[in-house]
Amino acid sequence: MDDRQERLDGSGPAEQGGPDGAGGGGATAHGGVPAQGRSGEPTGDVYDWFRRGGRLLAQGNPAAAEQLLVRAAAAEPQSRSIRETLARAQFDTGSYAAALENFRAVALADPSDDYAQFGWGVAAARLGDFETSAEHLALAVAMRPGTEHYQAALRQTRATLAARAGAFGPLLPGAPGYLAPPPDPDGAPTGDAGADDEV
């Protein structure tokens, strides 16, 4: 199994190593806050920031991970590994627009990156853009058809699009989400109930 498949589906991020995927370690201060030098800068170099950011993300500290990964991405903006990991951290902190931009950058740099397409699609769905979501989730599923969480996300997005298009029919009175029509100012019922039947 590709170790990048665990990001946004709730099963937790996999730790990746440096910008090329090698493993490694690094220090953090209390509460998952990245260790800092006297100047307030994180200790180490870009590779260290990337490794520590990935580990913080894996440990469930996406906000702390984002701090390090933003610096790493600024120093190495062409690194797809850094940008993808940053996008995962941003997604986990609820910064869906920022996550979408980073997943998008990775996918545009490498259109065959199924995980970047998946991330782009899921982030777009969180922002309410289900048309874009469906497009990129379909690409991810086409590239890795056996990946269940890709398929589940695509099914959910397509169901949302179908519901918005009225494919399941109108909501019936009393159903969750049903809004009754406002009363007529003259006191007559509104909607079909008070209309004369016409043929």
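The written sequence of each chain sets the order in which its residues are numbered from 1. Restriction of local features to residues with pLDDT of at least 70 applies here, the model being predicted, together with a cutoff of 80 or more for giving and counting side-chain atom pairs; totals for whole chains, interfaces and linings are based on all residues. Excluded from the side-chain calculation are hydrogens and water; included are all heavy atoms of the structure.

What to know about the packing of aromatic side chains
The condition that has to hold: Under the pairing criterion, centres of Phe, Tyr and Trp rings, with the six-membered ring standing for Trp, must be within 6.5 Å; the plane angle then separates stacked pairs below 30 degrees from edge-to-face pairs above 60, leaving the rest tilted. Under the scheme applied here, a residue whose accessible area is under 20% of the maximum for its type counts as buried, over 50% as exposed, and between as partly exposed, the area being computed with a 1.4 Å probe on protein chains only.
Summed over all chains, the structure comprises four aromatic pairs. Look at Phe 91 and Tyr 96: their rings are 5.1 Å apart centre to centre, the planes differ by 65°, and that puts the pair in the edge-to-face class. A relative accessible area of 21% means that Tyr 96 is categorised as partly exposed. Counting every residue linked through ring pairs, the aromatic cluster contains Phe 103, Tyr 115, Phe 118 and Tyr 150.

Examining the confidence of the model for the chain
Put simply, the test is: Across the chain, each position has a pLDDT score giving the predictor's confidence in that residue, from 0 to 100. Note on contacts: a residue pair is in contact if any heavy atoms of the two residues lie within 4.5 Å.
Per-residue pLDDT for the chain has a mean of 78; in total, 62% of the residues score no lower than 70. Low pLDDT, under 50, characterises residues 9-31; the stretch is placed with 55 contacts to residues that sit more than four places away or in other chains. Between residues 192-199, whose pLDDT stays under 50, and residues either more than four places distant or in other chains, the model counts one contact.

Some remarks on the packing of helix H6 (residues 130-143) against helix H7 (residues 148-164)
The condition that has to hold: Here the axes come from fitting lines to C-alpha atoms, over the contacting stretch only for helices, and the angles between their N-to-C directions go from 0 to 180 degrees. Secondary structure elements follow DSSP: runs of H or I no shorter than four residues count as helices, runs of E no shorter than two count as strands, and numbering proceeds from the N terminus. Between 65 and 115 degrees an angle is taken as roughly perpendicular, under 35 as roughly parallel, over 145 as roughly antiparallel, and anywhere else as oblique. If you view the pair so one helix is near and one far, a crossing is left-handed when the near helix is turned anticlockwise from the far one by less than a right angle, and right-handed when it is turned clockwise. Classes in brief: Ala, Val, Leu, Ile, Met, Phe, Trp, Tyr, Cys and Pro nonpolar; Asp, Glu, Lys and Arg charged; the others, Gly included, polar.
Packing of H6 against H7 brings their axes to within 9 Å, and their N-to-C directions diverge by 150°. Overall, the two elements H6 and H7 adopt an arrangement that is roughly antiparallel. Between H6 and H7 the crossing geometry is left-handed. Touching Phe 130, Glu 131, Ser 133, Ala 134, Leu 137, Ala 138, Ala 140 and Val 141 of H6 are Tyr 150, Gln 151, Ala 153, Leu 154, Thr 157, Arg 158, Thr 160, Leu 161 and Arg 164, all from H7. Of the residues assigned to the contact of H6 with H7, the class counts are 10 nonpolar, four polar and three charged.

Remarks on the environment of Ala 125
Take Ala 125: it is sitting in helix H5 (residues 114-126). Setting aside its immediate chain neighbours within four residues, Ala 125 contacts Phe 130, Ser 133 and Thr 157.

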